[in-house]
Amino acid sequence: MPYSNDKIKVLIVDDLSENLRALDAILRAPDRVIIQARSGLEALELLLEHDFALAMVDVEMPEMDGFQLAELMRGTEKTKHVPIVFVTAAGMELNYAFKGYGAGAVDVLYKPLDINAVKSKANVFVELFRHRTAFENQVRALEESRKEQECLLQQLQATQAELQHSLNMREEFMSLVAHEMRTPLNTLFLEVQVRLSQLAKNNLSIFTPEHLQKMLDRSERQLKSMMRLIEDMLDVSRIKNGKLSIQPQGANLSLLVRQLAEDLTPLAKESEVEFVLQIDSEIEGHWDAFRIEQIIINLLTNAVRYGKGKPVHVSLAMEGEHAVIKVADQGVGIAEHEQKKIFEAFERSGDNEVKAGLGLGLYISRKLAEAHAGEISVVSQKNHGSTFILRLPLKSVAA
Ligand SMILES: Nc1ncnc2c1ncn2[C@@H]1O[C@H](COP(=O)(O)OP(=O)(O)OP(=O)(O)O)[C@@H](O)[C@H]1O
Ligand SMILES: [Mg+2]
């Protein structure tokens, strides 16, 4: 039998239906549902199913009497707090029955029933139940709002930590940029000073073509490294503003990789690194060659920088619909927990003895690879070298 949930339920138990009818009539009220049980067993079943504000139990019943029912109720978690009002014939000896019931609310009504006494007793228990339910709801709501607050607090703390992290990063970044710019600038500045003083002394014999060539090469290198730095920083802000775009055109990747390895060989030599190439010929596709160049240069410079002077293997081959470039060094390697981080902006693996660069290269490379609908990944083990893998679909959709 379905009962509306917002009404308070009262259980009446009696083996005689006329008694049930009479009690029902006395207890009936708009905010209540009176549920009847004809036996102790039926009452128990109902007690397990519903939350009752009160059970009015006839003491004298066949099979299970009111006391036995009460005993069973006290033994079950769900029913043990339901207040019981026994209904019994006047003059019955009740003392023994109360043993062990001390904890629960128990009361007695004597037949013949005094209508007002029954009503007011029932009202007391119903009110009690109403208050208890309201109180429980409040406690539950409080607990919920406490949990919500805790959750908010955690979010706040996380945001604060993130903010602090990016503030620290910013600080570190500023000093890194300053440092990275100062080195080439200092060199250039000194060079210019020296030449100016030679000019001032009219010491022109020093400006031979070979000398000039060397001097200009050096200056070009310093300027290029500053330009790259600035370009990287601009790329990062383009990425952050969603303005990084690529212009794919027909390009020959085999030629490109070969050419870049050759261009970077002098730099590699400075670190005693040798490039070992295995490049399948004529891999052609639709890419922004300038941007792909940027990725490969970064992978090669990283391999040289972190390669401990050991040979770097560079390969290019087709795998299905993808051109795959692998740059494998045998250097310092990257710990597992760092492997995801290094593709983020300004992240440089923490436990590297080699500290150079701004930590932008791989971040930009990943974004460029993604703009080509490709991907870049790393396989590495601490102290056992790293292999960076760039996979590019032959035809990339312009982002
Ligand atoms: N081949 C590699 N072996 C070991 N660690 C590497 C390798 N390549 C990159 N890393 C680690 O990943 C970090 C991020 O590389 P990324 O190229 O983004 O920055 P960077 O080389 O430090 O600076 P930038 O490229 O901006 O000049 C590096 O600082 C380094 O700790
Ligand atoms: Mg780099």
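None of these values were measured; they are calculated from a predicted model.

Here we look at the overall build of the protein
Okay, step 1: For the protein, the helix and strand inventory stands at eight helices and twelve strands.
Okay, step 2: Residue burial in the protein is summarised as follows: out of 399 residues, 40% are buried.
Okay, step 3: Of the contacts formed within the protein by residues at least 6 apart in sequence, a portion of 67% connects residues at least 24 apart.
Okay, step 4: Only carbon and sulfur atoms are counted for the fraction: they give 56% of the accessible area of the protein, which is about 23,500 Å².

Remarks on the pattern of salt bridges
Okay, step 1: All chains considered together, the criterion is met by 23 salt bridges.
Okay, step 2: Glu127 is the partner of Arg130 in a salt bridge, and the nearest nitrogen-oxygen pair spans 3.1 Å. Residue Arg130 and its partner Glu127 are both found in helix 4 (residues 115–200); the two are separated by three residues, about one turn of the helix.
Okay, step 3: Taking the relative accessible area as the measure of exposure, Glu127 reaches 35% and is therefore partly exposed.
Okay, step 4: Among the salt bridges present, the one from Glu143 reaches Arg146, with a minimum N-O distance of 2.8 Å. Residue Glu143 and its partner Arg146 are located together in helix 4, separated by three residues, close to a single helical turn.
Okay, step 5: Note on Glu143: relative accessible area 32%, which makes it partly exposed.
Okay, step 6: Since its relative accessible area comes to 40%, Arg146 is described here as partly exposed.

Observations regarding the side chain of Asp235
Okay, step 1: Residue placement: Asp235 occurs in helix 5 (residues 209–240).
Okay, step 2: Among the residues examined, Asp235 registers a relative accessible area of 0% and is labelled buried.
Okay, step 3: Excluding residues within four positions of it along the chain, Asp235 makes contact with Leu244, Arg291, Gln294 and Ile364.

Comments concerning the side chain of Asn302
Okay, step 1: Its location among the elements puts Asn302 in helix 7 (residues 289–305).
Okay, step 2: If near-sequence neighbours (up to four positions away) are discounted, Asn302 is found in contact with Gly307 and Leu362.

Re the coordination of the magnesium ion (ligand 2)
Okay, step 1: Distances from the magnesium ion (ligand 2) to its protein donors, Asn298 (OD1) and Asn302 (OD1), fall within 2.3 to 2.4 Å. Of this pair, Asn298 and Asn302 both sit in helix 7, four residues apart, roughly one helical turn.
Okay, step 2: Given a relative accessible area of 11%, Asn302 falls into the buried group.

Here we look at the environment of Ala317
Okay, step 1: Here Ala317 lies in strand 9 (residues 312–319).
Okay, step 2: Taking the relative accessible area as the measure of exposure, Ala317 reaches 27% and is therefore partly exposed.
Okay, step 3: Along the primary structure Ala317 and Ser254 are separated by 63 residues, whereas in three dimensions their C-alpha atoms are 8.9 Å apart.
Okay, step 4: The residues contacting Ala317, other than those within four sequence positions of it, are Asp280, Ile283, His322, Ala323 and Val324.

Quick look at the domain arrangement of the protein
Okay, step 1: Partitioning the protein into structural domains gives domain 1 (8–113), domain 2 (165–240) and domain 3 (249–393).
Okay, step 2: The centre of domain 1, based on its C-alpha atoms, is set 95 Å off from the matching centre of domain 2.

Observations concerning the UniProt feature "coiled-coil region" (unreviewed entry) in the protein
Okay, step 1: In the numbering adopted here, UniProt assigns the feature "coiled-coil region" (unreviewed entry) to residues 132–166.
Okay, step 2: Within residues 132–166, the helical portion is 100% and the strand portion 0%, while the C-alpha atoms at the span's ends are 50 Å from each other.

Brief notes about the packing of aromatic side chains
Okay, step 1: Using the criterion set out here, one finds two aromatic pairs in the structure.
Okay, step 2: Aromatic pair Phe67 and Phe86: ring centres 5.0 Å apart, planes at 70°, arrangement edge-to-face. With Phe67 in helix 3 (residues 66–74) and Phe86 in strand 4 (residues 84–89), this pair connects stretches of sequence that are 19 residues apart. The pair Phe67 / Phe86 is uniform in exposure class, with both members buried.
Okay, step 3: Each ring, one from Phe343 and one from Phe388, has its centre 6.2 Å from the other, and the planes form 65°; the classification is edge-to-face. With a gap of 45 residues between them, Phe343 in the loop between strand 10 (322–328) and helix 8 (361–371) and Phe388 in strand 12 (residues 386–393) connect regions that are remote in the sequence. There is no split in this pair, since Phe343 and Phe388 are both buried.

Notes on empty space enclosed by the protein
Okay, step 1: Under the definition given, this model contains one cavity of 30 Å³ or more.
Okay, step 2: Of the pockets and cavities examined, the largest cavity occupies roughly 40 Å³.
Okay, step 3: The wall of the largest cavity is formed by Met169, Glu172, Phe173, Leu176, Phe346 and Leu358.
Okay, step 4: The class makeup of the residues in the lining of the largest cavity is five nonpolar, no polar and one charged.

Description of helix 6 (residues 253–270)
Okay, step 1: For helix 6, spanning 18 residues, the distance from its first C-alpha to its last is 26 Å, which sits close to the expected 26 Å at 1.5 Å a residue.
Okay, step 2: The largest bend in helix 6 is about 45°, located at Leu264, with the proline Pro266 one to four residues further on.
Okay, step 3: Buried within helix 6 are the following residues: Leu253, Ser254, Leu256, Val257, Leu260, Ala261, Leu264 and Ala268.
Okay, step 4: The distance from a side-chain oxygen at the start of helix 6 to the backbone nitrogen of Ser254 is 2.9 Å, and the residue carrying that oxygen is Asn252.

Analysis parameters
Residues numbered from 1 in each chain as written. Chains lettered and ligands numbered in written order. Predicted model: local features only at pLDDT ≥ 70, side-chain atom pairs only at ≥ 80, totals over all residues. Heavy atoms only, no water. Helix = DSSP H or I, 4+ residues; strand = E, 2+ residues; numbered from the N terminus. Buried < 20%, exposed > 50% of the residue type's maximum accessible area, 1.4 Å probe, protein only. Contact = heavy atoms within 4.5 Å. Areas by Shrake-Rupley, 256 points an atom, 1.4 Å probe, with all protein chains shown as cover. Salt bridge = Lys/Arg side-chain N within 4 Å of Asp/Glu carboxyl O. Donors = N, O, S within 2.8 Å, 3.2 Å for Na, K, Ca; no water. Domains from an automatic or database assignment. UniProt positions renumbered as here; feature names shortened; annotations may be inferred. Phe/Tyr/Trp six-rings, centres within 6.5 Å; stacked < 30°, edge-to-face > 60°. 1 Å grid on protein atoms, 1.4 Å probe; cavity = no way out; pocket = protein on both sides within 12 Å on 5 of 7 lines; lining within 4 Å. Points joined across faces, edges and corners; volume = space filled by probe spheres on them. Nonpolar A, V, L, I, M, F, W, Y, C, P; charged D, E, K, R; others polar. Expected span 1.5 Å × (residues − 1). Bend = angle between axes of the 7 residues up to and from the residue. Polar contact = N/O pair within 3.5 Å; in protein donor to acceptor, adjacent residues only side chain to side chain.

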